[in-house]
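Structure at a glance
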Amino acid sequence: MRRVFSLILLGLGVFAIAIAVLLPTFVYAKLAKVPLDQSSTSVLEGSNIQVLAVTSKGAELRKGATLAATAKVQANFEPAEMKAGTDVAVWLLAVQVVDVKDNTIVSASKRQVCFDRRTAEGYVPKDGEELKCQAKSSFVTKLDESVKVPEGAKPPEKNVERAQPGLQFKFPFGTEQKTYPVYDDNTGTAVPAEFKGTEEINGVEVYKFVQNIGDTQIATKTVPGSLIGSSEDSVKDVPLFYKGTITMWVEPVTGVQVKQSQQQHQELRPAIGSGETTVVFDGTLTFDQKTVNGLIDQVNANKGKLDFITTVGPIAFGAGGGVMLLLGLFLLLTSRKAVPEPEPAERTGPQHGLTRKSLF
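Everything numeric here is computed off the predicted structure, so don't read it as measured data. (Residues numbered from 1 in each chain as written. Predicted model: local features only at pLDDT ≥ 70, side-chain atom pairs only at ≥ 80, totals over all residues. Heavy atoms only, no water.)

On to the sheet that holds strand β8 (residues 189–201), then. The pairing of strands in a sheet comes from backbone hydrogen bonds and takes either a parallel or an antiparallel form. Here we have twelve strands laid out as an open sheet, ordered β6-β5-β4-β3-β2-β1-β12-β11-β10-β9-β8-β7, and antiparallel in their pairing. Edge positions in the sheet fall to β6 (157–161) and β7 (180–184), since each has one partner strand and no second. Going across the sheet, the axis of each strand differs from the next one's by a mean of 25°, ignoring polarity. Pairing between strand β3 (residues 88–99) and strand β4 (residues 104–116): twelve bridges, direction antiparallel. Each bridged residue has a counterpart across the sheet, and for Gln96 the counterpart in β4 is Ala108. (Pairing = 2+ DSSP bridges. Helix = DSSP H or I, 4+ residues; strand = E, 2+ residues; numbered from the N terminus. Axes fitted to C-alpha atoms, helices over the stretch in contact; angles between N-to-C directions.)

Glancing now at the environment of Val73. In this fold, Val73 is placed in strand β2 (residues 58–75). Residues Val73 and Thr41 lie 32 residues apart in sequence; the distance between their C-alpha atoms is 6.4 Å. Not counting the four nearest positions on each side in its chain, Val73 is found in contact with Gln38, Ser39, Ser40, Trp91, Leu92, Leu93 and Phe169. (Contact = heavy atoms within 4.5 Å.)

Segments scoring low in pLDDT should not have their predicted coordinates read at a detailed level. Averaged over all residues, the pLDDT of the protein chain is 83; the fraction at 70 or higher stands at 74%. Here helix α1 (residues 2–31) stands out as the least confident element of the protein chain, with mean pLDDT 60; β7 is the most confident, with 98. In this model residues 348–360 is a low-confidence stretch, pLDDT under 50, and it forms zero contacts with partners more than four residues away in sequence or in other chains. (pLDDT = per-residue confidence, 0-100.)

Its place among the elements puts Asp282 in strand β12 (residues 278–287). For Asp282, a relative accessible area of 32% gives the class partly exposed. With 39 residues separating them along the chain, Asp282 and Lys243 place their C-alpha atoms 9.9 Å apart. Reaching out from Asp282, the side chain makes a polar contact with the side chain of His265 at a distance of 2.7 Å. (Buried < 20%, exposed > 50% of the residue type's maximum accessible area, 1.4 Å probe, protein only. Polar contact = N/O pair within 3.5 Å; in protein donor to acceptor, adjacent residues only side chain to side chain.)

This part takes up unusual backbone geometry. Of note in the backbone geometry, Asn48 takes a positive phi value of approximately 55° without being a glycine. Following the sequence through the fold, Asn48 ends up in strand β1 (residues 39–55). Residue classification places Asn48 among the exposed residues on the basis of a relative accessible area of 64%. The phi angle at Phe169 is positive, at roughly 70°, despite the residue not being glycine. Along the chain, the position of Phe169 falls in the loop between β6 and β7. Judged by relative accessible area, which is 24%, Phe169 ranks as partly exposed.

What follows is the structure, given as structure tokens:
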């Protein structure tokens, strides 16, 4: 019986150690990726902002404005990439910024990106590699200013196919204390986000990353001459420059950005002699408290599962399996010593049921 029990312990120990190995490797690889289906809304707010607002009355520079930016992320299941078991996802991001005073839309943008579900990096095709995403699955929506429209009317939109390198929407699972390339909407490039330390938000430890975008020309615009101090009715091809600092607070286990702050500065810089430099945006937008609370709830709902898979589970199963193996070996070895050797049998003469009688 002791031998049977030792063998059972040995089997359970091997099984537990196997689970300890599989949890952070095989199981984690299967579960640590963003879902295909996604529908979420984040709101950023800011006050005392200078912004250019275009209304039916024309272009107007507003100072001291309070703005609200609504960012909606929605999965798009139309692309062929969006199928069960795929390693990539296709999400659409639409952002609209309004002046809360009168709900005037001061800016709007839309882009779609195919990205890796594990690393969160936007897909960029490489030579000799099998394509994971179609080119048309990643695009940026722009106004088609080549189309003539009535004065004051908005030009039609067009989708411009564009690979979008760098992290998208979140940081990787198991975020490290290092610099990451993060996609910047305004420049259309991946800009380094440097690790700046740890903080705590709503009782959750987060990593702070800061992304500094240097002075960059991002577009050329046709603007009213009065906006840039020109005597012309309108001026074409006026360079638009942008710089900013994006601060992100990331929960490292899940990679979720639980808070974000965007400090941006944009200005029109006409050629020398054709106008004056005009600031068209200057201010900071930050996640509102409702958005932060919702993201913290999301972290709390998933962090425990990932912690169990990567740390708690492997340690518990590994330690338990090791103890069972040692105990099983101990019982097996001691059970062999405990079995007594058989004693030699006594030698005796043949026994007969009858005695022999003398014949004489």
